[in-house]
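Understanding the architecture of this molecule
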Amino acid sequence: MLHLLRLEFTKMKRSRFTYVLLFVLFVSLCIYFFYIDRKETKLEEAEAYIITNLESHLEWYESAKKELDEKDGKADRILQNNLNASERQYNAFKMMHEGFTNKNWSLYWQGEILNNSFWEETKKKELEFVAKSYTYPTPFTIFSGMDQMRWMEERSIQPIFPTGSLTWLSLYDEEFSEPIAKEIALKYSQKYSTSGIHFIYHLFSYGFGFIGLMFFLFLFSDILTKEGFGRNGPIQMLRTVPIRRSTFWFSKAFTVIGGSFLVICCITIVGVTLGTIFNRFGDWDYPILIYGPDRTYSFLPIAEFLGKSLLLFLLVLAFSFTLLFLFSILTNRAILTIGLTVIAIIIGQTLTDQASLLSWVHWLPFHYIEVYPILSGEYAITTDNPIFTYQQAILSLSLSTLILLLITFSAVKLRKGVMS
Amino acid sequence: MIINVQGLKKRYKKQEVLKNITFQIEEPKIVALVGPNGSGKTTMMNCLMNLLPFQEGEVSILGKSHKDPSLFYEVSYLQDNRVLYGDLTGEDHLKFICHVQKLPAVKAKEVAEYIGMASYAKKRVRSYSLGMKQHLLLAMAVLNNPKLVLLDEPINGLDPTSAIHMRHILMDLHAKGTTVIISSHNLEEIDKMTNTIYFMKDGEILEESLTNLNIPHYTLHVSEPDKVNEIFKSNKLHVERQSDSFTFSEATLPLNQAIEVLYENGIQIHQIENRKIGAEKRYMELFESELKS
């Protein structure tokens, strides 16, 4: 099999199209890095924000204290509450500032948790009256946000700015008091970071989806479409060398999947290197919110999230390459094969979106092409179908690939003389 | 036994394209497959090489089943040049065959030089002329010193120099003990290469092992044809008379004997024509109806 892998590698090495695609990929990656860099809230901005807040809260605290003193110690519940709140917020920003200055991120998060603790209390009370709120910020948003902060506090994870209660937004936040509130929430909930790990997380949000799929289909399409199945193509030459037919097919499968994996690894290395050079490496255990059924949630370390996404995306690739292979057998034309595969995937996605509530629809593989929403549980929430889980995605894609392979090899057998 | 084919039948839907093909090749030789387009030459080769399935019959090559992939350590098949990868260089192709055949990579260079393609081995196949492609295919076919090599129309489209070069290489291969099965429309080259020709028509081998094709045939032009006719008859010598000339094969009547008999009887020989029947003549005889149409 090594001989065939070497041949496939040589074919790719000799193809100008490969270099063009890889160049486009590299340029896109650099442009995207630049874009993220522009969107990122820089440490200096974050520090200025903390200092401004610290000064404001100190001012309010002193003003509240002065006001209470002027009342000559007479009990005034409102004033006392104001003083307490100001004191708490001042202390919170003081901790955040200290944590920020000393890069003591646990302390920073303690300050942030303290700063937002009143939200948690408020939302706990709200839950007693409204079980499923859709008004921003919903209890789900606040609780998950607070837990996310606790996770980071425990692990002393450097924050991605901006932080705080108004920087959280969940799928349940549907109603906003003001349109401006929605705008602000949307703006600040998008957290950008050029640190290595986070940059590849951003990058693969596109990479592990339709765009990435198209890239890999084009990059490796030659391997499955240029052998001249059914014609006197190079496949005929490969059939007259001492190689078993099964080895031939395994090598093809291994090349496209293994090759994709290698390219993803290279992208990861380039992305992480870029991030590390221009920012920092990042945190492997940064928490990613995973939506569960009935407004439950959990967190996955970003590294695990990326690993699981990669596995699912490789299955998406396996399915798509099998589809490409089937069309290649049926049409014998490279361009037509790629065109039909792209069309089939687009139509498949459109149809599955329309029929997402049918009882058997979770077996359709086209649901799972965008990997992040599947793994984060967002797809199950937005389609209101809890069966669209990560496990179901793996099962559906594996099964669909097997069925497609069976159909493909049946087509091969039917077209005797092609390569049976 | 190098190759043993028994009752090979191949059908495409209802059309029978190979009809009960049977032949054996027991010792190294050059065998030519000759026939018009569509006579089944390529189909037969593809069936022998397990590139096409067939409905009936048995094929064994070098004592193994034709489906055994290990056969290709000892057998090569030169096909249509579309089997080459346009983006790869000739050297890439040769190196690949070397790897698959478990041969040292240096062999690729040696064979490229032997075939005469070293100067363009590093160029992409896409830029090759037809002759260059044929040479590459031949180089790929001979890399492993095969015991049997099948060549599907390797000479077609080649300029005379390339055709002669290829003929020499094939005859050299044969001299080293390789059996060569070659299909071609170039009957002149075939004549120079072999006297074993399988004429194929409509999926059948019409004639095989026509080793007498290359035996000289003579035509004698004489002074007294009637008397000569009597002399040959009385001596029980088999000749064919055409007015004032007599034709015979060296196999049935050696030329020396014929001259001696006529000389003893005082017959004057005006002219002796020496010619071979040749593949072309036999082809014309066998496919006369097609040539006329």
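Structural notes, computed from the coordinates. (Residues numbered from 1 in each chain as written. Chains lettered and ligands numbered in written order. Predicted model: local features only at pLDDT ≥ 70, side-chain atom pairs only at ≥ 80, totals over all residues. Heavy atoms only, no water.)

So, on to the overall build of chain A. Broken down by element type, chain A carries 16 helices and 2 strands. Evaluated residue by residue, chain A yields a buried proportion of 51% over its 420 residues. Intrachain contacts of chain A at a sequence separation of at least 6 include 74% that bridge at least 24 residues. By element, 63% of the accessible surface of chain A is carried by carbon and sulfur atoms, the whole surface being about 20600 Å². Distance between charge centroids for chain A: 18 Å, based on 38 positive and 39 negative side chains. (Helix = DSSP H or I, 4+ residues; strand = E, 2+ residues; numbered from the N terminus. Buried < 20%, exposed > 50% of the residue type's maximum accessible area, 1.4 Å probe, protein only. Contact = heavy atoms within 4.5 Å. Areas by Shrake-Rupley, 256 points an atom, 1.4 Å probe, with all protein chains shown as cover. Lys, Arg positive; Asp, Glu negative; His and termini not counted. Charge placed at Lys NZ, Arg CZ, Asp CG, Glu CD.)

Looking now at the layout of surface pockets. Residue and element names in this part refer to chain A. Approximately 1100 Å³ is the volume attributed to the largest pocket. Contributions of two or more residues to the lining of the largest pocket are made by α2 (16-39), α6 (139-155), α7 (179-189), α8 (196-207), β1 (287-291) and α14 (371-375). Taken together, the residues that form the lining of the largest pocket break down as 20 nonpolar, 12 polar and 2 charged. (1 Å grid on protein atoms, 1.4 Å probe; cavity = no way out; pocket = protein on both sides within 12 Å on 5 of 7 lines; lining within 4 Å. Points joined across faces, edges and corners; volume = space filled by probe spheres on them. Nonpolar A, V, L, I, M, F, W, Y, C, P; charged D, E, K, R; others polar.)

Bring the parts together and some accessible area is lost; that lost area is often taken as the interface size. With 25 residues of chain A in contact, the opposing surface of chain B contributes 27 residues. Here chain A and chain B share an interface that buries about 2500 Å² over both sides, 64% of which is from carbon and sulfur atoms. Applying the counting rule to chain A against chain B returns 1 salt bridge. One salt bridge in this structure joins Asp-92 of chain B and Arg-14 of chain A, with 2.5 Å as the shortest N-O distance. Run the count over chain A and chain B and you get 6 residue pairs in polar contact (both at pLDDT 80 or more). (Buried area = accessible area lost by both parts, 1.4 Å probe. Salt bridge = Lys/Arg side-chain N within 4 Å of Asp/Glu carboxyl O. Polar contact = N/O pair within 3.5 Å; in protein donor to acceptor, adjacent residues only side chain to side chain.)

On the surface, Trp-360, Trp-363, Leu-395, Leu-399, Ile-403 and Ile-407 of chain A cluster together into a nonpolar patch covering about 600 Å² of accessible area. Tracing the backbone shows Ile-403 of chain A in helix α16 (residues 390-414). (Patch = residues over 30% accessible without salt bridge, like charges linked within 9 Å, V, L, I, M, F, W, Y side chains within 5 Å.)

What follows concerns empty space enclosed by the protein. All told, the structure shown has 2 cavities of 30 Å³ or more when counted by the stated rule. The computed volume of the largest cavity comes to approximately 160 Å³. Every residue lining the largest cavity is counted, 16 residues in all, and those nearest its centre are Thr-240 of chain A together with Tyr-77, Ile-97, Met-140 and Ala-141 of chain B. The set of elements that each furnish at least two residues to the lining of the largest cavity consists of β6 (75-78) and α4 (130-142) of chain B. A per-element tally of the lining of the largest cavity places β6 of chain B first, with 4 residues. In terms of residue class, the lining of the largest cavity is made up of 11 nonpolar, 5 polar and no charged. In this structure, the second largest cavity occupies an estimated 60 Å³ of space. Lining the second largest cavity, in full, are Trp-109, Gln-148, Met-149, Met-152, Ile-160, Thr-163, Gly-164, Trp-168, Lys-191 and Tyr-286 of chain A. Counting residues per element, the lining of the second largest cavity draws most heavily on α6 of chain A, at 3 residues. Of the residues belonging to the lining of the second largest cavity, the class tally is 6 nonpolar, 3 polar and 1 charged.

Residues and elements named next belong to chain B. With antiparallel pairing, the 4 strands of this open sheet are ordered in space as β2-β1-β4-β5. Both edges of this open sheet fall to β2 (15-25) and β5 (64-65), since each of them pairs with a single strand only. Where strand β1 (residues 3-12) lies against β2, 7 bridges are found, and the strand directions are antiparallel. When the bridges of β2 are listed, Tyr-12 appears paired with Gln-15. Sheet contacts for helix α1 (residues 41-48): β1, β2 and β4 (56-61); angle to β1, the most-contacted strand, approximately 115 degrees. (Pairing = 2+ DSSP bridges. Axes fitted to C-alpha atoms, helices over the stretch in contact; angles between N-to-C directions.)

Residue and element names in this part refer to chain A. Taken as a whole and assessed by the stated rule, the structure comprises 42 aromatic pairs over all chains. Linked through ring pairs, Tyr-32, Phe-33, Tyr-35, Tyr-192, Phe-199, Tyr-206 and Phe-278 together constitute an aromatic cluster. The side chain of Arg-155 reaches across the aromatic face of Trp-151, ending 3.7 Å from its centre. The ring of Tyr-134 is capped by Arg-295, whose NZ or CZ atom sits 4.6 Å from the centre of that ring. (Phe/Tyr/Trp six-rings, centres within 6.5 Å; stacked < 30°, edge-to-face > 60°. Lys NZ or Arg CZ within 6 Å of the ring centre and 35° of its normal.)

Turning next to the pairing of strand β8 (residues 179-183) of chain B. All names here are of chain B. Counted residue by residue, β8 has 5 buried out of 5 residues, so it is predominantly covered. What you see with β8 is no split at all: Thr-179, Ile-181 and Ser-183 on one side and Val-180 and Ile-182 on the other are buried throughout. The sheet contact formed by strand β3 (residues 30-34) and β8 spans 4 bridges and is parallel. From the neighbouring strand, Ala-32 faces β8, where its bridge partner is Ile-182. Note that strand β7 (residues 148-152) and β8 share 5 bridges and pair parallel. Each residue of the ladder has a partner; that of Leu-148, found in β8, is Thr-179.

Summed over the entire model, instances satisfying the criterion amount to 22 salt bridges over all chains. Residues Lys-11 of chain A and Glu-8 of chain A are paired through a salt bridge, measuring 2.9 Å at the closest nitrogen-oxygen approach. Placement of the pair is Lys-11 of chain A and Glu-8 of chain A together in helix α1 (residues 2-14), with a separation of 3 residues, close to one helical turn. Judged by relative accessible area, Lys-11 of chain A falls into the buried class, the value being 12%. Judged by its relative accessible area of 1%, Glu-8 of chain A falls in the buried class. The salt bridge partner of Lys-64 of chain B is Glu-74 of chain B, with a shortest N-O separation of 3.7 Å. Separated by 10 residues along the polypeptide, Lys-64 of chain B in strand β5 and Glu-74 of chain B in the loop between β5 and β6 bring together distant segments of the chain. Of the residues examined, Lys-64 of chain B reaches a relative accessible area of 27% and is grouped as partly exposed.

This part is about helix α5 (residues 160-175) of chain B. Here α5 of chain B spans 22 Å end to end across 16 residues, near enough to the 22 Å set by a 1.5 Å rise per residue. Between the side-chain oxygen at the start of α5 of chain B and the backbone nitrogen of Thr-161 of chain B there is a gap of 3.0 Å, and the oxygen is on Asp-159 of chain B. (Expected span 1.5 Å × (residues − 1).)

Taken by themselves, the reported measurements are silent on function.
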